[in-house]
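Below, each chain spelled out in residue letters.
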Amino acid sequence: MSYPRIDLAGATIAITGAARGIGLATAKAFVEAGAYVALGDLDEALAVHAAAELGDHATGHALDVTDKTSYAAFLAAVDRWHGPLDVLVNNAGVMPNGPFLEQSDRIDQLTMDVNVYGVIHGMRLALPGMVERGYGHVVNVASLAGKFPLKGLAVYNASKYAVVGLTAATRLEMDATGVSVSAVLPSAVRTELSSGIDYGILPAVDPEDIAAAVVRTVKTRAAETAVPGYVGLLANASGLVPEPVLRAFRKAAHDDAAINGVDDSVRRVYLDRIEKQ
């Protein structure tokens, strides 16, 4: 596929869930590339503070991705600040963990509202303007959990499977418009989102690794980018492996970490924060 080139120097970027973790690392990477970056986050004060730390090329805003009106207000503020949107990064997400039968309906709903409807709202609001202008790029931060299910993350898995499918289908619909839609699929990331979970031999990566992958998609426009790449290949191939073999691998890889590999005293800080939402 050939897409109109997006020059990051002077480009307008909007990132959700950008006050911490992957979102903040991505904002820093785009600013370093010369872009103007709007940080949206439910924690407005933290987003404003983070933007101030990044300098004149950044601005912070309140954003509740589960509320389409809030999302529209965020994008309108970005347009007033630095003109039409070149790149949207749907990064906001939550990851509650625990046995499926023990998780609450309220937290399940929150997971789907943030992880799935947050992405839907963003694309529905940003894509029409991009299509009209004939260029633009959307990056949806999904997860390798959207390809490879794990015990203790059933609803999170469901939400990320949805994002992977949503991204792939929307990308097809954007053919010939000049607009690209990509998914970035991280493994376990060393952020608050996965705090307190011991993933054993499963690879962990840093927020900066994901940020670099997100920025790279502006050039490559790749449909999917796994971080690290080899784990993406394994996840894609897992459907071809006989189930007994795959189960043996899962056991060796400690795939019950989100249930039995949890430091509750550390994990509780994160869970308390998202439950307040």
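Report on the accompanying structure. Keep in mind that this is a model prediction, so the values were computed, not measured.

Looking at the sheet that holds strand 4 (residues 87-90)
Two modes of strand pairing occur in sheets, parallel and antiparallel, and in both the strands are linked by backbone hydrogen bonds.
In step 1: With respect to topology, 7 strands assemble into an open sheet ordered 3-2-1-4-5-6-9, the strand pairing being parallel. Where the open sheet ends on each side, the last strands, each with one partner, are strand 3 (58-62) and strand 9 (224-227). Taken pair by pair, the neighbouring strands of this sheet meet at an average axis angle of 15 degrees, ignoring direction.
In step 2: Bridge count for strand 1 (residues 12-16) against strand 2 (residues 36-41) is 5 bridges, and the pairing is parallel. Of the residues in strand 2, the one forming a bridge with Thr 16 is Gly 40.
In step 3: Contacting strand 5 (136-141), strand 6 (179-186) and strand 9, helix 5 (residues 154-173) runs over the sheet at an angle of about 155 degrees to strand 6.

Some points on the packing of aromatic side chains
Both the distance between ring centres and the angle between the ring planes are used here to describe each pair of aromatic rings.
In step 1: Within this structure, the stated rule accounts for 2 aromatic pairs.
In step 2: Where Tyr 36 meets Trp 81, the ring centres are 6.0 Å apart and the plane angle is 70 degrees; that geometry is what we call edge-to-face. Of this pair, Tyr 36 sits in strand 2 while Trp 81 sits in helix 3 (residues 68-82), placing them 45 residues apart in sequence.
In step 3: Taking the relative accessible area as the measure of exposure, Tyr 36 reaches 23% and is therefore partly exposed.
In step 4: Here Arg 133 stacks its cationic end above the ring of Tyr 135, 5.9 Å away from the centre of that ring.

Some thoughts on the environment of Ser 195
In step 1: Assignment of secondary structure puts Ser 195 in the loop between strand 7 (188-189) and strand 8 (204-205).
In step 2: Between the C-alpha atom of Ser 195 and that of Asp 264, which follows or precedes it by 69 residues, the distance is 9.7 Å.
In step 3: Among residues more than four places away in sequence, those in contact with Ser 195 are Val 266, Arg 267 and Tyr 270.

Some remarks on the nonpolar core
In step 1: Grouped together as the largest cluster of nonpolar side chains are 47 residues, with contacts concentrated most on Phe 74, Leu 75, Leu 85, Leu 88 and Leu 127.
In step 2: In terms of residues, this core owes the most to one element, helix 4 (residues 105-133), which gives 8 residues.
In step 3: Apart from residues no more than four positions distant in its own chain, Leu 75 is found in contact with Ala 14, Leu 85, Leu 88, Leu 125 and Ala 126.
In step 4: Core analysis: the second largest hydrophobic core is formed by 31 residues, Val 37, Ala 58, Val 141 and Val 184 among them.

Reading the values: rules and limits
For every chain, the first residue of the written sequence is number 1, and numbering continues from 1 along that sequence. Totals for whole chains, interfaces and linings use all residues, but because this is a predicted model, local features are given only for residues with pLDDT of at least 70 and pairs of side-chain atoms are given and counted only at 80 or more. Hydrogen atoms and water are omitted, and side-chain values are computed over all heavy atoms in the structure. Here, a strand pair is defined by DSSP locating no fewer than two bridges between the strands. A helix here means a DSSP run of H or I that spans at least four residues, while a strand means a run of E at least two residues long, and both kinds are numbered starting from the N terminus. Whenever a helix is involved, its axis is fitted only over the stretch in contact; in every case the axis is a line through C-alpha atoms, and angles between N-to-C directions fall within 0 to 180 degrees. Only heavy atoms enter the contact rule, under which two residues are in contact if any of them lie within 4.5 Å. Put simply, two rings from Phe, Tyr or Trp (the six-membered ring, in Trp's case) pair if the centres are within 6.5 Å, and we call them stacked under 30 degrees between planes, edge-to-face over 60, tilted for the rest. Residue exposure (1.4 Å probe, protein chains only): buried if accessible area is under 20% of the type maximum, exposed if over 50%, otherwise partly exposed. When the NZ atom of lysine or the CZ atom of arginine is within 6 Å of a ring's centre and also within 35 degrees of its normal, the charge is said to sit over that ring. What is meant by a nonpolar core is a set of buried Ala, Val, Leu, Ile, Met, Phe, Trp, Tyr and Cys residues, joined one to another through side-chain atoms within 4.5 Å.

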